[in-house]
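Here is how the chains run, residue by residue.
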Amino acid sequence: MKLPIVLVYLTALIVGLSYGMHNPIVPVFSKEIIGASYVELGIIGFTNFLPYMFIPLFVGILLDKFNNGLLLSAGIALNSASVYLLSISQSVPEVAFFRALTGVSHAFFWPPCERIITHVETPENRVKSIARFMGFFVGGLMIGPLIGTFLLENLDVGFRILFQFSTYAVAIAIITGLLLSKYGKTTQHSVINFGSIKQITKFPIIVLMLIFCSASFGTFLTIYPAFMNDRSISSVNIELLFFIFGISRLVTLAFVGPLAKRTFHSLIATILSIAFGMLIVFYSFTFEMFTIAMLIMGFGFTIYFPLTFEIIMRKAKKKFSGGLIGAYEATFGIGWATGPLFAGIVADIFSKDAPYFAFFVIGIIVTVIIILKRNNLQLQWNQNLES
């Protein structure tokens, strides 16, 4: 295996570990310690992902001009600072601002890693390499909650100390990021190219799928843990459920190869698994029911990323791939930002479980649209982006 690929995988593992330790607890911390309402949880989630609607576009352009490893290192350093600041936050506006910094740092993590993999690997191996990259990140996300559970239950640390442990963990990845600077150099010295980011508009159905999946996932990350807490699931069990979620994602990634051969059917299965997982959440009151929902959604929230990434990258110009990667990631940001805000408002107006039923209905509608537009979708996949 090539050394830069190994370093990217190691970076993903470390960053995922830190995310897994603290991220599932942030909504519970915001609700229980800071006193945030569901609308405020939605606002915190919105501000967390709002930068991801725009920053990846600029990061994507920077990837075509500057050292990708240094950009990655800068993002990890900012991530470390934002998580530490979260540990000393005292109000909803402070939490929202520090989560916004996390969103900015996130935009400097995924695109540089994807760009390095795209440049080092051949098109034939790209899907597997992206899947393995995601697998290492998910592996970290799976181990992180176990560490968080141990710290909360056995060492009797509070949420704030847990966040500080997460800070120290993610800071280690700065080292691997700097090592990647040797392989993250770009030889492109032409005028900054904005045209490449427009290529994403050639895939409207893919964009629709991405926005639904990312809106659901954004809600899952920022609202869902607080909802489980309201249904009498303890903080320790919430961490365990995210460990189970990680297992489901890791197992799913093992089947990326076969699933990629039947892309259309796999993406339909993705959307339906998210929709029905949300429906189960709507009816869940026990640890066992939430476990079933986690296992089902683990499939959906995993497989859509490597498959859709390969679809849009298949015919991209390699030297200008950074802009397209940025546009692709920004599409995630639109869903990640609007999903929690939508869920928080719906939960406050109707009921705490209403957003999950709403996502089920939306998922069914999106599935019907994709089936009806199947021929157009196949045309998009076969379209040459360089034309």
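Quantities reported herein were computed from a predicted structural model and do not represent experimental measurements.

Asker: Sorry if this is basic, but what is going on with the nonpolar core here?
Answerer: Nonpolar side chains in soluble globular proteins generally cluster together in the buried interior. Membership of the largest hydrophobic core comes to 116 residues, with the highest contact counts inside it found for Phe109, Phe133, Phe220, Tyr224 and Met228. Considering each element in turn, this core owes the most residues, twelve residues, to helix 16 (residues 287-313). For Phe220, the residues in contact, after removing those within four places along its chain, are Pro225, Phe242, Phe245, Met294, Met297 and Phe301.

Asker: Would you mind going over the packing of aromatic side chains with me for this structure?
Answerer: Geometry of an aromatic ring pair is reported as the spacing of the ring centres plus the angle between the planes. Under the criterion given, the structure shown has 37 aromatic pairs. Geometrically, the ring pair formed by Phe109 and Phe133 is tilted, given 6.1 Å between the ring centres and 45° between the ring planes. Here Phe109, found in the loop between helix 6 (92-107) and helix 7 (110-120), pairs with Phe133, found in helix 8 (residues 123-153); they are 24 residues apart in sequence, far enough to count as distant. For Phe133, a relative accessible area of 0% corresponds to the buried category. When the centroid spacing of 4.6 Å and the interplanar angle of 40° are considered together, the rings of Phe220 and Phe245 count as tilted. In this pair, Phe220 is assigned in helix 11 (residues 204-222) and Phe245 in helix 13 (residues 235-253), connecting sequence segments 25 residues apart. For the pair formed by Phe220 and Phe245, the shared burial category is buried. Through successive ring pairs, a cluster of aromatic residues spans Tyr19, Phe49, Tyr52, Phe109, Trp110, Phe133, Phe137, Tyr304, Phe305, Tyr328, Phe332 and Trp336.

Asker: Honestly, a nonpolar patch on the surface in this entry has me stumped. Any pointers?
Answerer: A cluster of nonpolar side chains, namely Tyr84, Ile88, Ile161, Phe165 and Tyr168, defines an oily patch on the protein surface of about 470 Å² accessible area. In terms of residue count, helix 9 (residues 159-171) provides more of the nonpolar patch than any other element does, three residues in total. Here Ile161 lies in helix 9. Residue classification places Ile161 among the partly exposed residues on the basis of a relative accessible area of 38%.

Asker: Mind showing me how you'd approach unusual backbone geometry here?
Answerer: For residues besides glycine, phi is generally negative; the peptide bonds are generally trans as well. At Ser232, a position not held by glycine, the phi torsion is positive, near 70°. Within the secondary structure, Ser232 is located in the loop between helix 12 (224-230) and helix 13.

Asker: Teacher, can you tell me more about the packing of helix 8 against helix 13 here?
Answerer: If you want to describe how two helices pack, look at the angle between their axes and the distance between the axes. It is at 8 Å that the axes of helix 8 and helix 13 come closest, and there the two elements cross at 160°. Classified by the angle their axes make, helix 8 and helix 13 are roughly antiparallel. Crossing handedness for the pair helix 8 and helix 13: left-handed. Across the contact of helix 8 with helix 13, the residue classes break down as 15 nonpolar, five polar and three charged.

Rules of the game
- Residues numbered from 1 in each chain as written.
- Predicted model: local features only at pLDDT ≥ 70, side-chain atom pairs only at ≥ 80, totals over all residues.
- Heavy atoms only, no water.
- Core = buried A, V, L, I, M, F, W, Y, C linked by side-chain atoms within 4.5 Å.
- Buried < 20%, exposed > 50% of the residue type's maximum accessible area, 1.4 Å probe, protein only.
- Helix = DSSP H or I, 4+ residues; strand = E, 2+ residues; numbered from the N terminus.
- Contact = heavy atoms within 4.5 Å.
- Phe/Tyr/Trp six-rings, centres within 6.5 Å; stacked < 30°, edge-to-face > 60°.
- Patch = residues over 30% accessible without salt bridge, like charges linked within 9 Å, V, L, I, M, F, W, Y side chains within 5 Å.
- Areas by Shrake-Rupley, 256 points an atom, 1.4 Å probe, with all protein chains shown as cover.
- Salt bridge = Lys/Arg side-chain N within 4 Å of Asp/Glu carboxyl O.
- Axes fitted to C-alpha atoms, helices over the stretch in contact; angles between N-to-C directions.
- Parallel < 35°, antiparallel > 145°, perpendicular 65-115°, else oblique.
- Left-handed = near helix turned anticlockwise from the far one by under 90°.
- Nonpolar A, V, L, I, M, F, W, Y, C, P; charged D, E, K, R; others polar.

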